[in-house]
Amino acid sequence: MTRRSAWLFPGQGAQRRGMGRELFDRYPDAMAAADRILGFSVRELCLGDAAERLTDTRYLQPALFVVNELTRRARAAREPAPDYLAGHSLGEYNALLAADAFDFETGLALVARRGELMGRATGGAMTAVVGPGAARIVDLLAEAGIDDVDLANLNSTEQVVLSGPAESLRRAAGAVTAAGAGRCVPLRVSAAFHSRYMADAAREFAAFLAGFELRDPRIPVIANVTARPYRPGEVGRLLAAQVHSAVRWSESMAHLRSRGVDRVVEQGPGRVLTGLWDAAVKDAANGSAAKPRPAAGSAPAPAAVAAAPDGAPTAERPAPAGPTPAAPASAGLASAAPASAVPAPAVPAAAAPASAGLAPAVPAAAMPAPGGPMPAAHASAVPAPGARAVPAAAPAAGAKPSPYGARAGGGTARAVSGPAAGGPIGAAPERLGSAAFRADYGVRYAYLAGSMYKGIASAELVARMARAGLLGYFGTGGLRTERIEAAIATLRAELGPDGGFGMNLLHALHDPPLEEATVRLFLRHRVRFVEASGFTQPTRALVLYRLSGAHRDGTGRAVAPNRLLAKVSRPEVATAFMEPAPEALVRGLLAEGLLTAAEAEAGRALPLAGEVCAEADSAGHTDAAVAYTLMPATTGLRDRIVAERGYPDGIRVGAAGGLGAPESLAAAFVLGADFVVTGSVNQCTPQAGTSDAVKDLLAQADVQDTGYAPAGDMFEIGARVQVLRRGTLFAARANKLYQAYRQYDGLEAIDDKLRRTIEDGWFHRELEQVWKETREYYLRAGRPQEVERAEQDPRHRMALVFRWYFVHSTRMAMRGDPAERVNYQIHTGPAIGAFNRFAAGTALADWRNRHVDAVAEALMAGAARVLQDRFSSLAR
């Protein structure tokens, strides 16, 4: 194995009075620049009477950054650059500086702002757990029913740091002590750093980061958030995520060992990180590192991938020959350094040791076992359940230039409000689409995972999107309210009370009470993001959801807390959602006391849907629309209606359907999409709530392997959906049933040959038996009116019997019944074929590696590169 070296940079907790004494005189230019940018003397802080301020995060972090950098410069003058770089929390900024991701002055501006935001945070506490049982902390917290404490620092097998409410930490300490798992050391901090409780600071820092040009590292840098090297375009996003994510240090050291690193040099004061490295090496030699074991609720880890899913190589050099050791997990965090050397979180004012790696760390109850590997493609952004991920692409509206933007040359750091350097738009997926959309939805990308009915867009899928700083919609169509409520409860438990997720509302053409009951459920559970699909016009339920809680803010501006995204495929339907809610529906709800006068009044100044998604060529009710014509028509309508109505926040238009390759997403953004919504590609992921048999079929599909069939929920009116044609006869059989419905007056009128075909070849039971089952279902469901109507109307009875086949074919597909494969109903558009072609020859060719967030990363990063390349070629 090739022998390699790494330089490690310590974070807060390594500081000491007198640090840098031997370095300051050697680098007068750097010291002058630091003093000018920071507004105080670093020398005086470290050596003079002001040294007491080394306990104040606002001063300590930039001072330690300077000392670390000067130490590196001295080392670099006498030996070659290392193969890898890593830094613990604050030290990560030094690692990135050493890798030329930014210059010294920019680094100072960033750490100064970071220290300021951390120093302002208050509330909560932190506790270090030291001892041989530290790796069991996840299980101990779960057994004690403690779900509001996060794992903040994962330093070794015998050392972790917890962060959260003080009372919960006291309970956690009691659980650890009672189990004999180690001793707990409260840290002198003013807030719950490294946890979901830093979300506000993270948002502010994300906006600040967006004002700087950040380059890809020239030397592989191991990120605290992912424990893997930065990939192209990730610096800004991961530094923002670092403010509210766990410092996965032991896992980072394991990764370095797996890449052949056998020598590390600590670049800064102290030897804390060297001690942790030595302990990790000793653990590995003794075989004490446990294999990765995810904690309850954590996402499975796919096989390691040497290149990014989209084919772009990582910043990392090729792996050495031979097998790659598994990253240590639970017990494999690396044996700890002494308690006195615990790198602690950032410490404001009266603080103590702390190595602020910050970030809504993944809550203990939902995090992979300490040191256990996160899924490769999505680990780049793992906001804690309960903490909304922060968009890292654009400054917040109205944000003022920071005083920390000053550069040594007397100018200021150039704010990046448009394209990044190197091309017309820059290869940054965070910049695609609407920055306001990303802010309002709390997502990193203008990208959503749309719903798929009967929970195919599962709670697991939606939760994984949320943990990656993205948003997905749970598929409620075809489910009873009890199942929907259980899904909401699952998501709340996993993501916390403020976790970002959405729910679908599928138009219940035959059951309006179900539609309204579902909306009441959403309102009761404060579901803030709803995707409306299958609607051809506004309904009571939609108006009730959108206007509940609507009001005028302090400036008189109309606002609505509930965000409604409407999927449309016809201009007249788009118009209905872009206009205010129909007055007749508003007055009806007002008269019934379901809306207040204030809600009704505010609602008249708002569009029914703040987001309208033009859905073309998808698996949904699309009317076979074409994106190239539907998108311009929809954006044109939006522009006209917003101008006429004067909506304060406008209307965002999204694109859905056919989005299976980076080129497709790039085209959508060029057509004016503020956001994109994927669907079919997510059904072929490990998190999708359908059978492996269905996923196997989808993974083999090409772009021509879909066809149109009647929609089971709108069978009588002839609405159509797109389904998989390859490997199943459902489309042909469903279309034949619809033809029979149009041709015959009732079941009794069907000719004998067709009847035998249906009964013996398709349904495998007599039509009368199907009617008996259907009749019993409607009576159990409390819908006797359907039975009464069917017994009086032979055609309606025939329609209900034929619709049974649609339910049956879906159920068989979701179960993966091999005997019923020809009847599988699999909703999908040609996007799945496009993605299969895109993924061919990569790890994502196997659907078992297509984690839903990995798909999002691959498509968005690819789209950014496509746009960069296309516009660059046009400029030649």
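In short, a report on the structure.

Reading the values: rules and limits
Residues numbered from 1 in each chain as written. Predicted model: local features only at pLDDT ≥ 70, side-chain atom pairs only at ≥ 80, totals over all residues. Heavy atoms only, no water. Helix = DSSP H or I, 4+ residues; strand = E, 2+ residues; numbered from the N terminus. Contact = heavy atoms within 4.5 Å. Polar contact = N/O pair within 3.5 Å; in protein donor to acceptor, adjacent residues only side chain to side chain. Buried < 20%, exposed > 50% of the residue type's maximum accessible area, 1.4 Å probe, protein only. Arc of directions from axis to C-beta. Axes fitted to C-alpha atoms, helices over the stretch in contact; angles between N-to-C directions. Left-handed = near helix turned anticlockwise from the far one by under 90°. Nonpolar A, V, L, I, M, F, W, Y, C, P; charged D, E, K, R; others polar. Salt bridge = Lys/Arg side-chain N within 4 Å of Asp/Glu carboxyl O. Phe/Tyr/Trp six-rings, centres within 6.5 Å; stacked < 30°, edge-to-face > 60°. Lys NZ or Arg CZ within 6 Å of the ring centre and 35° of its normal. Pairing = 2+ DSSP bridges. Core = buried A, V, L, I, M, F, W, Y, C linked by side-chain atoms within 4.5 Å.

## Overview of the environment of Gln537
(1) Moving on: Assignment of secondary structure puts Gln537 in the loop between strand S12 (529-533) and helix H16 (540-547).
(2) Moving on: Separated by 37 residues in the primary sequence, Gln537 and Ala574 place their C-alpha atoms 9.1 Å from one another.

## With respect to the environment of Asn682
(1) Moving on: Among the secondary structure elements, Asn682 is positioned in helix H22 (residues 680-683).
(2) Moving on: Placed 169 residues apart in sequence, Asn682 and His851 show a C-alpha to C-alpha distance of 8.3 Å.
(3) Moving on: Residues contacting Asn682, with those up to four places away along its chain left out, are Tyr447, Ala449, Gly450, Met452, Leu461, Ala688, Val852 and Val855.
(4) Moving on: Engagement of the side chain of Asn682 in a polar contact is seen with the side chain of Thr678, the distance being 3.0 Å.

## A closer look at helix H1 (residues 28-38)
Along an α-helix, residues three or four positions apart point the same way, because every turn accommodates 3.6 residues.
(1) Moving on: Within the sequence span of H1, burial applies to Ala30, Met31, Ala33, Ala34, Ile37 and Leu38. One side of H1 carries all its buried residues, which in axial view fall inside an arc of 165°. In H1, those exposed residues whose orientation departs by more than 90 degrees from the buried face are Pro28 and Asp29.
(2) Moving on: Elements that come into contact with the buried residues of H1 comprise helix H2 (42-47), helix H3 (57-76) and helix H5 (104-120).
(3) Moving on: Of the residues flanking the end of H1, it is Gly39, one or two places downstream, whose phi is positive at about 85°.

## Section: the packing of helix H10 (residues 249-258) against helix H11 (residues 272-286)
(1) Moving on: Contact geometry of H10 with H11 gives a least axis separation of 10 Å together with a crossing angle of 65°. When you trace H10 past H11, the crossing you get is right-handed. Only Leu273, Leu276, Trp277, Ala280, Val281 and Ala284 of H11 make contact with H10, whose side of the interface consists of Trp249, Met253, Leu256 and Arg257.
(2) Moving on: Here the contact of H10 with H11 is composed, by residue class, of nine nonpolar, no polar and one charged.

## Some details on the pattern of salt bridges
Opposite charge on two side chains lets them pair, provided their charged atoms get close.
(1) Moving on: Going through the model one piece at a time under the given rule, you end up with 54 salt bridges.
(2) Moving on: Note that Arg196 and Asp150 form a salt bridge whose closest N and O atoms lie 2.7 Å from each other. With Arg196 in the loop between strand S6 (183-186) and helix H8 (199-209) and Asp150 in strand S4 (residues 150-156), this pair connects stretches of sequence that are 46 residues apart. The same class applies to Arg196 as to Asp150, namely buried.
(3) Moving on: In this structure, Glu516 engages Arg520 in a salt bridge whose closest nitrogen and oxygen atoms are separated by 3.5 Å. One end of the pair is Glu516 and the other is Arg520, both in helix H15 (residues 512-524) and four residues apart, which spans about a single turn.
(4) Moving on: Among the residues examined, Arg520 registers a relative accessible area of 39% and is labelled partly exposed.
(5) Moving on: A single network of salt bridges, built from pairs that share partners, joins Arg231, Glu234, Arg237, Glu430, Arg444 and Glu857.

## Some words on the packing of aromatic side chains
In this description, an aromatic ring pair is defined by two values, namely the gap between the centres and the angle between the planes.
(1) Moving on: All chains considered together, the criterion is met by 19 aromatic pairs.
(2) Moving on: Measuring from ring centre to ring centre gives 5.1 Å for Phe40 and Tyr59, while their planes differ by 65°; the resulting arrangement is edge-to-face. Here the residue Phe40 occupies a position in the loop between H1 and H2, and Tyr59 occupies one in helix H3, the gap between them amounting to 19 residues.
(3) Moving on: Note on Phe730 and Tyr805: the rings are 5.7 Å apart at their centroids and 20° apart in plane angle, and the pair reads as stacked. Of this pair, Phe730 sits in helix H24 (residues 730-743) while Tyr805 sits in helix H28 (residues 794-815), and the two are 75 residues apart along the sequence.
(4) Moving on: In this structure an aromatic cluster arises from ring pairing among Phe715, Phe730, Tyr738, Tyr741, Phe763, Phe802, Trp804, Tyr805 and Phe806.
(5) Moving on: The cationic tip of Arg73 hangs over the ring face of Phe104; the distance from NZ or CZ to the ring centre is 5.1 Å.
(6) Moving on: Lying over the aromatic face of Tyr741, Arg795 brings its terminal NZ or CZ to 4.1 Å of the ring centre.

## Details of unusual backbone geometry
(1) Moving on: Here His194, not a glycine, exhibits a phi torsion of approximately 65°, which is positive.
(2) Moving on: Looking at the element boundaries, His194 is found in the loop between S6 and H8.
(3) Moving on: In this structure, Ala227 takes a positive phi of about 60° despite not being glycine.
(4) Moving on: Within the fold, Ala227 resides in the loop between strand S7 (221-222) and helix H9 (235-242).
(5) Moving on: Ala227 sits in the buried class, given a relative accessible area of 0%.

## What to know about the sheet that holds S6
(1) Moving on: Judged by pairing direction, the sheet is antiparallel, and its four strands sit side by side in the order S4-S5-S3-S6 without closing on themselves. With one partner strand each, in any of the chains shown, S4 and S6 form the two edges of the open sheet. Between one strand axis and the next, the sheet turns through 20° on average, direction left out of account.
(2) Moving on: Where S4 lies against strand S5 (residues 159-164), five bridges are found, and the strand directions are antiparallel. Note on S5: the bridge partner recorded for Ser156 is Gln159.

## With respect to the nonpolar core
(1) Moving on: By size, the foremost hydrophobic cluster in this structure holds 88 residues, and its most contacted members are Tyr447, Met503, Phe522 and Phe577.
(2) Moving on: Of all the elements, helix H30 (residues 852-875) adds the most residues to this core, at 10 residues.
(3) Moving on: Beyond its immediate sequence surroundings of up to four residues, Phe577 is in contact with Phe535, Leu542, Ala566, Val568, Pro607, Leu608, Ala609 and Val612.
(4) Moving on: The next biggest cluster of nonpolar side chains, apart from the first, holds 71 residues, and it includes Trp7, Leu117, Ala152 and Ile219.

This is a description of form; function is not addressed.
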